[in-house]
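Reading the structure
Below are the chains, spelled out letter by letter.
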Amino acid sequence: MAFVLQMLEMGKRKSWFHSLNPNAKLIWWLFMIVVPILVTNPFFLLAVTVAIWLMAIAAGVGKQMYKFLIVTYPIMVGFIVILWPFFYAATPDQHFLFNWSVFHYSLEGFIYALAMGMRIVLALTACTFFVMTTDLMDLASSLGEFLQNKLKISYMYPLMIISSFKFLPELGGDYQTIVESFKSRAMDLDKGSFAQRLKKYIPIAIPLIDSMLRRATQIAIALELKAFNSANKSRTFYKHHPFRWRDVVFILLGVLTIVLSILIKQLGWGAVEMYL
């Protein structure tokens, strides 16, 4: 939980990437999610992933990304590499590492699993970079301003989204505090049957729900004091996020990646099957 809060705090740093329009980074991130859907060539996916890592280093968040992804990569990719080849369709011309009854593990299945893993790696790396270089409050403000002024949609919707990002870590912190307080009173939550352990969590749930309701009340009072009205279609914004030339350049990087993905797919180089 502490690391999640640290990741969110990374978005408040100062760098060329941090200063970009949050909407521009959101559009770029959506492009990066589409790329692994279009292409399964592991070398192309690896090249895009390396490019994102270089941007992370330039933004000053490379070390923090490494701490998070060095743990996440093996879990995500390892799970796919171990299990996926068992479900890869077997053919007589494959190079089997073992083939017994309905269980088989081939070199072709392993390569295919690595390619599928690279799709997860690219999406995960792009998502982590986006979170670590974007202040979520700025994102909510920028997105809300765009929705209100351009699409005439209430600011309530981005507020709801950003509130969940902001207060879920705080809810987790409250949970940890309550658990530690019960443990200090000699309550052992790890012993007993499943029903007994579940029963022990009831005293934890009561103060946690109370904390949630108290926080919700505080938010409602704060919004009311600031004259927040969901029906207000012309609210002003303290901070504006205009599009500048560098925002356009950053979006064009995402567009270029999509164009390259479509191009290599049309040329027949976009699928992992070309290596099988």
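It should be emphasised that the depicted structure is a prediction, and the values quoted were computed from it without experimental measurement. (Residues numbered from 1 in each chain as written. Predicted model: local features only at pLDDT ≥ 70, side-chain atom pairs only at ≥ 80, totals over all residues. Heavy atoms only, no water.)

1. Description of the overall build of the protein chain
- Of the regular secondary structure elements, the protein chain holds 10 helices and 2 strands.
- In sequence order, the secondary structure elements of the protein chain are arranged as α-α-α-α-β-β-α-α-α-α-α-α.
- On C-alpha atoms alone, the protein chain measures out to a radius of gyration of 24 Å, which is more than a quarter above the 19 Å that the 2.2 N^0.38 rule sets for 276 residues.
- Projecting the C-alpha coordinates of the protein chain onto the three principal axes gives extents of approximately 70 × 60 × 35 Å.
- Considering the protein chain as a whole, with its 276 residues, one finds that 37% of them fall into the buried category.
- For the protein chain, the share of sequence-separated contacts (at least 6 apart) that also reach a separation of at least 24 residues comes to 77%.
- Counting only carbon and sulfur atoms, one obtains 71% of the accessible surface of the protein chain, whose full area is about 16700 Å².
- Treating the 25 positive side-chain charges of the protein chain as one cloud and the 15 negative ones as another, the clouds have centres 6 Å apart. (Helix = DSSP H or I, 4+ residues; strand = E, 2+ residues; numbered from the N terminus. Rg over C-alpha atoms; globule rule 2.2 N^0.38 Å. Buried < 20%, exposed > 50% of the residue type's maximum accessible area, 1.4 Å probe, protein only. Contact = heavy atoms within 4.5 Å. Areas by Shrake-Rupley, 256 points an atom, 1.4 Å probe, with all protein chains shown as cover. Lys, Arg positive; Asp, Glu negative; His and termini not counted. Charge placed at Lys NZ, Arg CZ, Asp CG, Glu CD.)

2. Points about the nonpolar core
- Ranked by internal contacts, the top residues of the largest apolar core, which has 31 residues, are Trp28, Ile52, Met65 and Phe129.
- The set of elements that each furnish at least two residues to this core consists of helix 2 (22-38), helix 3 (42-59), helix 4 (62-87), helix 5 (107-132) and helix 10 (245-266).
- Of all the elements, helix 3 adds the most residues to this core, at 8 residues.
- The residues contacting Phe129, other than those within four sequence positions of it, are Phe17, Trp28, Ile52, Met55, Ala56, Ala59, Met65 and Phe250.
- Formed by 7 residues, the second largest nonpolar core is a distinct cluster that contains Tyr112, Ala113, Ala115 and Met116. (Core = buried A, V, L, I, M, F, W, Y, C linked by side-chain atoms within 4.5 Å.)

3. A closer look at helix 10
- Taking 1.5 Å as the rise per residue, helix 10 with 22 residues should run 32 Å; its terminal C-alpha atoms sit 31 Å apart, in good agreement.
- All of the buried residues along helix 10 are Arg246, Asp247, Phe250, Ile251, Gly254, Thr257, Ile258, Ser261 and Ile264. An end-on view of helix 10 places all buried positions within 165 degrees of arc, on one side of the element. For helix 10, the exposed residues lying more than 90 degrees away from the buried face are Trp245 and Gln266.
- Taken together, the buried residues of helix 10 touch helix 2, helix 3 and helix 5.
- Positive backbone phi, approximately 85 degrees, marks Gly268, located one or two places after helix 10. (Expected span 1.5 Å × (residues − 1). Arc of directions from axis to C-beta.)

4. Digging into the packing of helix 2 against helix 5
- Orientation of helix 2 relative to helix 5, taken along the N-to-C sense of each, is 175 degrees, at an axis distance of 8 Å. Relative to helix 5, the element helix 2 is oriented roughly antiparallel. Between helix 2 and helix 5, the contacting residues are Pro22, Lys25, Leu26, Trp28, Trp29, Met32, Ile33, Val35, Pro36 and Ile37 on the first element and Arg119, Leu122, Ala123, Ala126, Cys127, Phe129 and Phe130 on the second.
- Across the contact of helix 2 with helix 5, the residue classes tally to 15 nonpolar, no polar and 2 charged. (Axes fitted to C-alpha atoms, helices over the stretch in contact; angles between N-to-C directions. Parallel < 35°, antiparallel > 145°, perpendicular 65-115°, else oblique. Nonpolar A, V, L, I, M, F, W, Y, C, P; charged D, E, K, R; others polar.)

5. Some words on the pattern of salt bridges
- Counted by the stated rule, this structure contains 3 salt bridges.
- Between Asp210 and Arg214 there is a salt bridge, and its shortest N-O distance comes to 2.2 Å. Pair noted here: Asp210 and Arg214 are both in helix 9 (residues 202-225), with a separation of 4 residues, about one helical turn.
- When the shortest N-O distance is used, the salt bridge between Asp247 and Arg244 registers 3.7 Å.
- Given a relative accessible area of 34%, Arg244 falls into the partly exposed group. (Salt bridge = Lys/Arg side-chain N within 4 Å of Asp/Glu carboxyl O.)

6. Regarding helix 2
- Across its 17 residues, helix 2 extends 25 Å between first and last C-alpha, which sits within 8% of the 24 Å expected from 1.5 Å per residue.
- Within the sequence span of helix 2, burial applies to Pro22, Asn23, Ala24, Lys25, Leu26, Trp28, Met32, Val35 and Pro36.
- Its buried side turned inward, helix 2 meets helix 3, helix 5, helix 6 (136-151) and helix 10.
- Near the N-terminus of helix 2, the side chain that reaches the backbone nitrogen of Asn23, with its oxygen 2.8 Å away, is that of Asn21. (Polar contact = N/O pair within 3.5 Å; in protein donor to acceptor, adjacent residues only side chain to side chain.)

7. Focus on the packing of aromatic side chains
- Taken as a whole and judged by the stated rule, the model has 6 aromatic pairs.
- Aromatic ring contacts, followed pair by pair, group Trp16, Phe17, Trp28, Phe129 and Phe250 into a single cluster. (Phe/Tyr/Trp six-rings, centres within 6.5 Å; stacked < 30°, edge-to-face > 60°.)

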